[in-house]
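Chain and residue survey
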Amino acid sequence: MELQLAKELGAHLADGEVAASFRLSRIQPYVSIYEEITLDFTGVRNANSSFMNALIAGVVEQHGEAVLERMTFKGCNPLIRVLAEAAIDLGVQKIDGRIDA
Amino acid sequence: MRIALPANINATGLLPFLCRLDSARAERVIELDFAQLRRVSPAGLVALVARVAAWQREGRTVAERNVAVCPILPYLQRMDVLSACGFGLPEAFTRHEAKGRFVPVRAIDHRVNEMGDEMSRCVAPGGDDFEHPLAGLYDLVWYVLTEMGNNVRQHSGGQGFAAAQVGQSEGMVRIAIADNGRGILRSFREAGLVWSQTIDDQAAILKALEPRVSSRGSPNNEGVGLTLTSNLAELTQAWMLIVSGQGIVRIGPGKERTVQAGVLPENGAYPGTLVALTFRRDHVHDFHLLLDAAKRKSGLLHRPENRGRFRA
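Residues numbered from 1 in each chain as written. Chains lettered and ligands numbered in written order. Predicted model: local features only at pLDDT ≥ 70, side-chain atom pairs only at ≥ 80, totals over all residues.

We now examine the overall build of chain A. Secondary structure summary: chain A contains four helices and five strands in total. Across chain A, helices and strands are ordered from the amino to the carboxyl terminus as β-α-β-α-β-β-α-β-α. Taking 2.2 N^0.38 as the reference for a compact globule, 101 residues should give roughly 13 Å; the C-alpha atoms of chain A span a radius of gyration of 12 Å, in line with that estimate. Each of the three principal axes of chain A carries a C-alpha extent, and together these read 35 × 25 × 25 Å. Within chain A, contacts between residues separated by at least 24 positions form 87% of all contacts whose residues are at least 6 apart in sequence. (Helix = DSSP H or I, 4+ residues; strand = E, 2+ residues; numbered from the N terminus. Rg over C-alpha atoms; globule rule 2.2 N^0.38 Å. Contact = placed C-beta atoms within 7 Å.)

Below you can see the structure in the form of structure tokens.
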């Protein structure tokens, strides 16, 4: 499964509530169905921590660190990559119990 | 009650001005006298507009006095301050392109994305192109505005306003966001955070600078917006001021982070939250590296190697 963020949500991603809603409706239900999940950020110019944390950290927290072996982050510019890495780290920390969800 | 706006509402004049606004806290009719006003920073502008909006929302009567003879009348009009306050006055000038010079006062609504993009392109024209020399500045302004805008929408319970200004000769960029909501301390208390019952406004601001303080009970907001903004301020050698309730926190530039916490003079209070940032334009280049450094500095990144799979 490949989700094209720019096409679905636009080039500027700032709203954590939109991200959480997208995660719940377009990602979470399919994680156990599809072997590979690709989040394609091609065309996304920028995002902030609120959006990326709400989009990614919850998936990792919900499905465990192993889900990262089935997820690909495609077309990230350097800024999106930094934010995605931090969101992954946040999800892992939540699993480790270092952060209250 | 008549409030005479001081000549200078910038630098050291800002905090006394906030206290002067607070002196009208119980008045039903408020007159703002613009006769002496000569200089005002974006922080002063958004604080004024936020306060006037709150008074009007509460059903108070707010009127201007002497704005027609104010020495900076065209500036106030061009920054949309008077229209935002409901003081209609004909403009005796032609509006020119604001790009690269200033961003008029803008209400923060649900379109945080659009606000961030429009204001950032105004401060850093061309920076929306990732390869442009002003891309770093564009990204910094966009990040700060959208995260602070999210905070206003999710936590303040009031109306928020933002404005920015670029000092071309001095190379400084000034951004300010103000709201007329419940303030940081009350926001913590209303979220049911037990520790917040025993702290004051300045301690609440300092607490909000810690990472992930507001995480509990709010899964969409990881409580890092203000934390990262303050660390970005430090890494770019910026000045940052946060005012909320009676509390103020200043972060100053220098090799070592200097954080000064205090209270507004004269027992004054700012009902809501005001965040102002001033940074040098030439100190902002590769924003993704800055953000990465800010996250590490905040303790938000723990692992040296990230397990995410990335491809072009």
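Our next topic: the overall build of chain B. Check the secondary structure of chain B and you find ten helices and 13 strands. Here the C-alpha atoms of chain B give a radius of gyration of 19 Å, agreeing with the 20 Å that 2.2 N^0.38 yields for 312 residues. Its C-alpha atoms give chain B principal-axis dimensions of roughly 60 × 50 × 35 Å.

Another aspect to go through is helix 7 (residues 183-190) of chain B. Residues and elements named next belong to chain B. Of all the positions in helix 7, only Gly183, Ile184, Leu185, Ser187 and Phe188 are classed as buried. Turning to helix 7, the residues buried within the fold contact helix 6 (135-156), helix 8 (201-208), strand 9 (239-245) and strand 12 (270-280). Looking one or two places after helix 7, you find Gly192, whose phi comes out positive at around 85 degrees. (Buried ≥ 20, exposed ≤ 12 C-beta atoms within 10 Å, placed from the backbone.)

A one-sided burial pattern is seen for strand 5 (residues 71-74) of chain A, the buried positions being Met71(A) and Phe73(A) and the unburied ones Thr72(A) and Lys74(A). With four bridges joining them, strand 3 (residues 37-40) of chain A and strand 5 of chain A adopt parallel strand pairing. The residue of strand 5 of chain A that forms the bridge with Asp40(A) is Lys74(A). Bridge count for strand 5 of chain A against strand 13 (residues 309-311) of chain B is three bridges, and the pairing is parallel. Looking at strand 13 of chain B, one finds that Lys74(A) is bridged to Arg311(B). (Pairing = 2+ DSSP bridges.)

Moving on: the sheet that holds strand 3 (residues 29-33) of chain B. All names here are of chain B. Overall, parallel pairing links the three strands, which are arranged 1-3-5 in an open sheet. The open sheet is flanked by strand 1 (2-4) and strand 5 (61-65), the only strands paired with a single partner. Strand-to-strand, the axes of this sheet are offset by a mean angle of 25 degrees, without reference to chain direction. As paired strands, strand 3 and strand 5 are joined by five bridges and run parallel to one another. (Axes fitted to C-alpha atoms, helices over the stretch in contact; angles between N-to-C directions.)

Below, the discussion takes up the packing of helix 2 (residues 16-31) of chain A against helix 3 (residues 49-63) of chain A. All names here are of chain A. Two elements in contact, helix 2 and helix 3, have axes whose closest approach is 8 Å; the angle formed by their N-to-C orientations is 30 degrees. By the angle between their axes, helix 2 is roughly parallel relative to helix 3. The hand of the helix 2/helix 3 crossing is right-handed. Contacts between helix 2 and helix 3 involve Gly16, Ala19, Ala20, Phe22, Arg23, Ile27, Gln28 and Val31 from the first element and Ser50, Phe51, Ala54, Leu55, Gly58, Val59, Gln62 and His63 from the second. Class assignment of the residues belonging to the contact of helix 2 with helix 3 gives a composition of nine nonpolar, six polar and one charged. (Parallel < 35°, antiparallel > 145°, perpendicular 65-115°, else oblique. Left-handed = near helix turned anticlockwise from the far one by under 90°. Nonpolar A, V, L, I, M, F, W, Y, C, P; charged D, E, K, R; others polar.)

Next up on the list: the nonpolar core. All names here are of chain B. The biggest cluster of nonpolar side chains holds 131 residues, and the ones touching the most others in it are Val46, Val49 and Val141. When residues in this core are grouped by element, the largest group, eleven residues, is from helix 6. When near neighbours in sequence (up to four residues on either side) are disregarded, Val46 contacts Val105, Phe161, Ala162, Ala163, Ala176, Ile177 and Ala178. (Core = buried A, V, L, I, M, F, W, Y, C linked by C-beta atoms within 7 Å.)

Residue and element names in this part refer to chain B. Most of strand 8 (residues 172-179) sits out of view: seven of its eight residues are buried. The sheet contact formed by strand 7 (residues 160-167) and strand 8 spans eight bridges and is antiparallel. Looking across to strand 8, one finds that Ala163 is bridged to Ala176. The turn joining strand 7 and strand 8, which pair antiparallel and follow one another in sequence, is formed by four residues; a positive phi near 70 degrees is taken by Gly171.

The four strands lie next to each other as 1(A)-3(A)-5(A)-13(B), forming an open sheet whose pairing is parallel. Every interior strand has two partners, whereas the edge strands, strand 1 (2-4) of chain A together with strand 13 of chain B, have only one. On average, each strand axis in the sheet is tilted by 20 degrees relative to the strand beside it, whichever way the strands run. In this structure, strand 1 of chain A lies alongside strand 3 of chain A, joined through three bridges in parallel fashion. Residue pairing for strand 3 of chain A: Glu2(A) is matched across the bridge by Thr38(A).

Turning to the interface of chain A and chain B, a few remarks are in order. In this assembly, 37 residues from chain A lie in contact with 38 residues from chain B. Where the side of chain A that touches chain B is concerned, the elements lending two or more residues are helix 2, helix 3, strand 5 and helix 4 (78-96) of chain A. In terms of residue count, the dominant contributor to the side of chain A that touches chain B is helix 4 of chain A (eleven residues). Looking at the side of chain A that touches chain B residue by residue, the classes come out as 16 nonpolar, twelve polar and nine charged.

Glancing now at the confidence of the model for chain B. Considering every residue of chain B, the mean pLDDT works out to 89; 96% of them sit at 70 or more. Model confidence for the complex is summarised by a pTM of 0.91, with the ipTM given as 0.92. (pLDDT = per-residue confidence, 0-100.)

Residue and element names in this part refer to chain A. Where helix 3 meets helix 4, the closest approach of the two axes is 8 Å, and the angle between their N-to-C directions is 45 degrees. In terms of their interaxial angle, helix 3 and helix 4 are classed as oblique. The element helix 3 and its partner helix 4 pack so that their crossing is right-handed. Between helix 3, through Ser49, Met52, Asn53, Leu55, Ile56, Ala57, Val59, Val60 and Glu61, and helix 4, the contact on the second element is made entirely by Leu83, Ala84, Ala86, Ala87, Ile88, Leu90, Gly91, Val92, Lys94 and Ile95. Residues of the contact of helix 3 with helix 4, tallied by class, amount to 14 nonpolar, three polar and two charged.

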